[in-house]
Each structure stands twice: as structure tokens, then as C-alpha cells.
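# Structural features, examined
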Amino acid sequence: MIWLWIALAPVLGGFVYGGERVMRARMQRRQGPPFLQPFYDMFKLLDKRTLIVHSPHALLAVAHFAVLWFSIGAIFLGWNLLYIIFLHLFAQMLLILAGYSVRSVYSHVGANRELLMLVAYEPVLILVAVGLYLVSGSFEISEIMQQSGYLPKLLPLFAALAMIVPIKVKKSPFDIGEAHQEIVGGVEIEYSGVFYEFLYMSRFLEYIFIYSFVFIFGGASLWLGGILVAGMFLLVNLVDNATARVRSVHMVKIIYWVAITLAVINIVGVLL
Amino acid sequence: MKFFTPFRKKSPWVLHYNAGSCNGCDIEILAALSPKYDLERFGVINTGNPKQSDIFLVTGPVTYRSRERLVELYSQIPEPKVVVAVGSCTTTGGVFRGMYNVEDGIDRYIPVDVYVPGCASSPQLIIDALVKAGDILESKSKEIEKPFKLFGTLETIGNKLSRFNMAQKVKHD
């Protein structure tokens, strides 16, 4: 059963993305695309002629997708939280390498920004893992999920996690990684056709990845986890519709000053 | 693949290029993309990246400065692709027809599939044009389409580069 969920993870993420596009359209009082729009896009991309810059560049996109999928599988199987975070880091490094491997200036800018995003959210993710460890006594997700009562003890840490969710799913105010038309998609710029599709699907997997971190805070009660994920989903989209993009330097500063401070205070509080 | 062909129409991604337009048509295109007219309900996304787009939305009479970029952007879009000329200037040259610094319309340089009249053309017309372009996109094959004319260094080395050699080497389905 769990293997079926792992196999269907990109499809699940596609539903989340499609639902999000419809919901954002409703927030702006318009009709919006069909719910299955991400799948239409994927099928269309399969039918496009593919232009490849060089083969390692194309391969890195596939590898990024595969490693990300593997880390999602590790989450579903309840493996070690730190292991999962570093697997995800590895996937991001592949993407950044892909960005640097072509001569496009926008690709380099995008890769620089991906690195900045990594620098910003990675400490917070690790602090989240440490906080969950301090409360539950284990880094294993399967053991973390058997206990509950994380939210009252780790409320500032949850707020810190809420601040990095927009970075991961590329939403305003922290959507510097793709930045719509400003840097023309960043590292995605030189991809087309089938290989762009891998990046498009890896975006779905990013949704699953970061929202499963939110879900873990629910602990043993799946209802609480579901409510947390739904609330976070709504909050992130509301903020996305209401704010403009901040500069990349400011993003790192905001995350370091606010989110990491919150996380450290919380962890120190739990330790004392 | 036959199975995937109907989905072209359902997600036409747009590349918008201003070939020396007065911004009238650009504003109308942005109005068509914005919440009131909501082009996204047809699955349209304004990508801004030629390598991932299907529909080339051009405004403006082609000025001498912009024609190289026009041709280059056109040849960077992977097939199947459709060109939509928005506004009188883009279709015929409009009020700028015959002037010393413009070409009269983009169809001297690239094959155009849909012409949209109007100065500036209204969002309703642009929506109609994009729906029509979706139909054309569905009927096209993946055969390589070339611009009519190339420029300068692009012309001389272009024939030796992969993109143009590909036309002879690659088999189409």
C-alpha cells in the first residue's frame, strides 16, 4: 500500500498543484484553469520537440527528479529525518550543477539564487529535525509519528517552518528562485520538452516534501496533521497573492534573523 | 504520438514579444491575461521563455532593431509552434507602413498562422486568436519550421549549427 503511494507521489503532487492553481484563481475572483491542468501541461510537454544543450545538463534534471522522488519515498517509509533532509540537499545540488553547466547568464543567476535559497532554508529544516528529536527522542519519522503533542511545545519552530514553506514551493514573497519573468525561470531556462517535464514534476514533489514536514507536526493524530497542512496551504497562497517579491539578500536576512532566531529560542527552551 | 495531440490545445504556453510596438497591444495582451478576461482558464501561461512555449505572440511593426531578435526567438521555439500577429502594425505595418525604419509586418520574416486586426486589438479578439491558435497547434506536425530570412552571423554560421542541420538529420513522425 505504501509503495503504491510512493509510486503515485508525482500524481498526488500534480493534484495539489492543480488544486492550488484553481484556488489562487478563486482568490483573485476569476475562473482559473481546469483542476487537471498540470497533467494537460505534462502530456503536452511530452509531445514537444526536445532541444538539448548538452547531455549531462539533461541528465542532471532527470537525476534531480529521481533523487527527489527517492527522498519522498524515504519520507513515506518513515526513515531518518536527517537522512531525508540531506537527500533533498543532494537533489538540490544536482539542480544547481545543472544551472551552472550551461552558458546562459539567466541559468547562472538562477543557480546562484537556488544556492541562496538553500543557504536560507537548510538550517531551519535541520533545526526542525532537531526540535522534533528533542521532543520525541528519535530522528526516525516512523517513531516521531507514533507520539503527539509536538505543536504546543514547538510552536515557534512551526512558525519558522511556515516561513520557509514559500521558499520551497516558490511563492511570493520568497519566490526568487524562478521569479516569474525577471530571470525567466532561472535554472529551468535551457530545458525544453521532456526534460523540462522532469523539472515540472519535481516541483510537484517539492510540494509533497515540504508539506509532509508540516504534516509531521501533527504527530500521531492524522486529523491534526491534515488540518495543519490545509491551513498552511491556505496561508501560503493568501500570502502569495498579497505580497510582492523581496530581494534575494533580504530573503536570507529575514530568514536568518526571524526564522532561525525563533527556532533557536524554541530549541533552547525545550532543552532547559 | 496520437494520444498526446489533443492536449496541445489545452495548455498553449505563450511567448510575448514586442517588436517595436507602441505598447497599446501589449497592454491589451496583459489585460487578457489578467483576472478580468482570465486567459488562464484555457491553460495559457505567459512563460517568457522561448524553449518552453507553444504560441509566439508578436506585437508591433518589425523595426530594424528588433528583427534579428524576432527571428532568433522564433527559431528557438520547439515545434509544434504557432505564430499570432497581434494588431494592425504586426499584420500589415499599420500606420507605420512604408516608413524608413520598419518592416511592414512580421510575415516577411516568419510564417504567421493567425492575424489579429485592431489598433489596439481588443482582449476579446486576442482570446479568440489564442483559441484559434490552439486549434492550429493541434493540427500541426512536429516538422521543423524555419524563418524566411536570417541575419548576419546567424545566417552564415546558422546553417552549420545543429538546429539547422537537424532539419536534414532528424526523422519526423
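Preceding this section is the structure that the text describes.
The text that follows walks through the structure, step by step, so that each part is easy to find. Since this is a predicted model, take the numbers as computed values, not measurements. (Residues numbered from 1 in each chain as written. Chains lettered and ligands numbered in written order. Predicted model: local features only at pLDDT ≥ 70, side-chain atom pairs only at ≥ 80, totals over all residues.)

### Quick notes on the overall build of chain A
Short version of the rule: Each helix is a run of H or I in the DSSP string that is no shorter than four residues. Each strand is a run of E no shorter than two, and both are numbered from the N terminus. When we talk radius of gyration, it's over C-alpha atoms, and the globule rule is simply 2.2 Å times the number of residues to the 0.38. Counting other C-beta atoms within 10 Å of a residue's C-beta gives its exposure: the residue is buried at 20 or more, exposed at 12 or fewer, and partly exposed in between, where C-beta atoms are placed from the backbone.
Within chain A, the secondary structure is distributed over 12 helices and zero strands. Counting from the amino terminus, helix and strand elements in chain A follow one another as α-α-α-α-α-α-α-α-α-α-α-α. In summary, chain A has a C-alpha radius of gyration of 18 Å against a globular reference of 19 Å for 272 residues, a match within 12%. Seen through its C-alpha atoms, chain A measures out along the principal axes to roughly 55 × 40 × 40 Å. Out of the 272 residues in chain A, the part that is buried amounts to 44%.

### Here's the deal with the overall build of chain B
Quick reminder of the rule: Working definition of a contact: two residues with C-beta atoms, positioned from the backbone, lying within 7 Å.
Regarding its fold elements, chain B presents seven helices and seven strands. Helices (α) and strands (β) of chain B occur, in sequence order from the N terminus, as α-β-α-β-β-β-α-β-α-β-β-α-α-α. Among the 173 residues that make up chain B, the fraction classed as buried is 43%. For chain B, the proportion of contacts with a sequence separation of at least 24, taken over those separated by at least 6, is 83%.

### Comments concerning the sheet that holds strand 7 (residues 114-116) of chain B
Using the following cut-off: At least two bridges found by DSSP between two strands are what make those strands a pair.
Ordered by their spatial adjacency, five strands build an open sheet running 2-1-3-5-7 (chain B), and the pairing between neighbours is parallel. Pairing within the sheet leaves two strands with one partner each, and these edge strands are strand 2 (45-46) and strand 7 of chain B.

### Quick word on unusual backbone geometry
Look at the link from A:Ser172 to A:Pro173: it is a cis peptide, with omega at 0 degrees. In this model, B:Asn23 sits at a positive phi of 80 degrees, which is unusual for a non-glycine residue. You can see B:Asn23 is positioned in the loop between strand 1 (13-18) and helix 2 (24-33). Under the C-beta neighbour-count criterion, B:Asn23 is labelled exposed, with 12 such atoms within 10 Å. Of note, B:Asp38 is a non-glycine position whose phi angle comes to about 55 degrees, a positive value. Structurally, the position occupied by B:Asp38 is in the loop between helix 2 and strand 2.

### Regarding the pairing of strand 1 of chain B
Residue and element names in this part refer to chain B. What counts is decided by this rule: The handedness rule is simple: strands pointing away from the viewer, and a clockwise path from the first strand over the helix to the second, make the crossover right-handed.
For strand 1 and strand 2, the ladder comprises two bridges, and the chain directions are parallel. Looking at strand 2, one finds that Trp 13 is bridged to Ile 45. For the handedness criterion, the β-α-β arrangement of strand 1, helix 2 and strand 2 is classed as right-handed. As defined by bridge partners, strand 1 adjoins strand 3 (residues 55-59) across five bridges and the pair is classed as parallel.

### Notes on the nonpolar core
Operational definition: The term nonpolar core refers to a set of buried Ala, Val, Leu, Ile, Met, Phe, Trp, Tyr and Cys residues connected through C-beta atoms within 7 Å.
Core analysis: the largest hydrophobic core is formed by 75 residues, its most contacted members being A:Val124, A:Val128, A:Leu157, A:Leu161 and A:Ile164. In this structure, A:Leu157 is in contact with A:Leu127, A:Val128, A:Gly131, A:Leu262, A:Ala263 and A:Asn266, ignoring residues within four places of it in sequence. In this structure, B:Val62, B:Val71, B:Cys89 and B:Val114 belong to the second largest nonpolar core, which totals 38 residues.

### As for the interface of chain B and chain A
For clarity, the cut-off: Gly counts as polar in this scheme, as do all residues outside two lists: the nonpolar Ala, Val, Leu, Ile, Met, Phe, Trp, Tyr, Cys and Pro, and the charged Asp, Glu, Lys and Arg.
Opposite the 19 residues of chain B that make contact, chain A presents 27 residues. Of the residues assigned to the side of chain B that touches chain A, the class counts are five nonpolar, six polar and eight charged.

### Focus: helix 5 (residues 123-139) of chain B
Residue and element names in this part refer to chain B. In plain terms, the rule: One less than the number of residues in a helix, times 1.5 Å, gives the span that helix is expected to have. For this quantity, the arc is that covered by the directions from the helix axis to the C-beta atoms.
Here helix 5 contains 17 residues, and its C-alpha end-to-end distance of 25 Å stays within 8% of the 24 Å for a straight helix at 1.5 Å per residue. Those residues of helix 5 not exposed but buried are Pro 123, Ile 126, Ala 129, Leu 130, Ala 133, Gly 134 and Leu 137. The arc enclosing the buried residues of helix 5, seen along the axis, measures out at 150 degrees, which places them on a common side. Exposed and oriented more than 90 degrees from the buried face of helix 5 are Gln 124 and Ser 139. Check the buried side of helix 5 and you find it contacts helix 1 (6-10), helix 2, strand 3, strand 5 (82-86) and strand 7.

### Considering helix 11 (residues 222-242) of chain A
The end-to-end C-alpha distance of helix 11 of chain A is 30 Å, a good match for the 30 Å that 21 residues give at a rise of 1.5 Å each. Of the surrounding secondary structure, the elements contacted by the buried residues of helix 11 of chain A are helix 2 (9-27), helix 9 (155-168) and helix 10 (193-216) of chain A.

### Comments concerning the packing of helix 4 (residues 55-77) of chain A against helix 10 of chain A
All names here are of chain A. Selection criterion: Only the stretch in contact is used when fitting a helix axis, every axis being a line fitted to C-alpha atoms; angles between N-to-C directions are given from 0 to 180 degrees. Should an angle fall under 35 degrees it is taken as roughly parallel, and over 145 as roughly antiparallel, whereas 65 to 115 is taken as roughly perpendicular and any remaining angle as oblique. Definitions for this section: a left-handed crossing has its near helix turned counterclockwise from the far helix by less than a right angle. A right-handed crossing has that turn clockwise.
Between helix 4 and helix 10, the least distance of the axes is 9 Å, while the angle of their chain directions is 25 degrees. If you check the angle between helix 4 and helix 10, you find them roughly parallel. The crossing of helix 4 and helix 10 is left-handed. Contacts between helix 4 and helix 10 pair Ala 58, Ala 61, Val 62, His 64, Phe 65, Leu 68, Trp 69, Ser 71, Ile 72 and Ile 75 from the former with Phe 195, Phe 198, Leu 199, Met 201, Ser 202, Leu 205, Ile 208, Phe 209 and Ser 212 from the latter. Of the residues belonging to the contact of helix 4 with helix 10, the class tally is 15 nonpolar, four polar and no charged.

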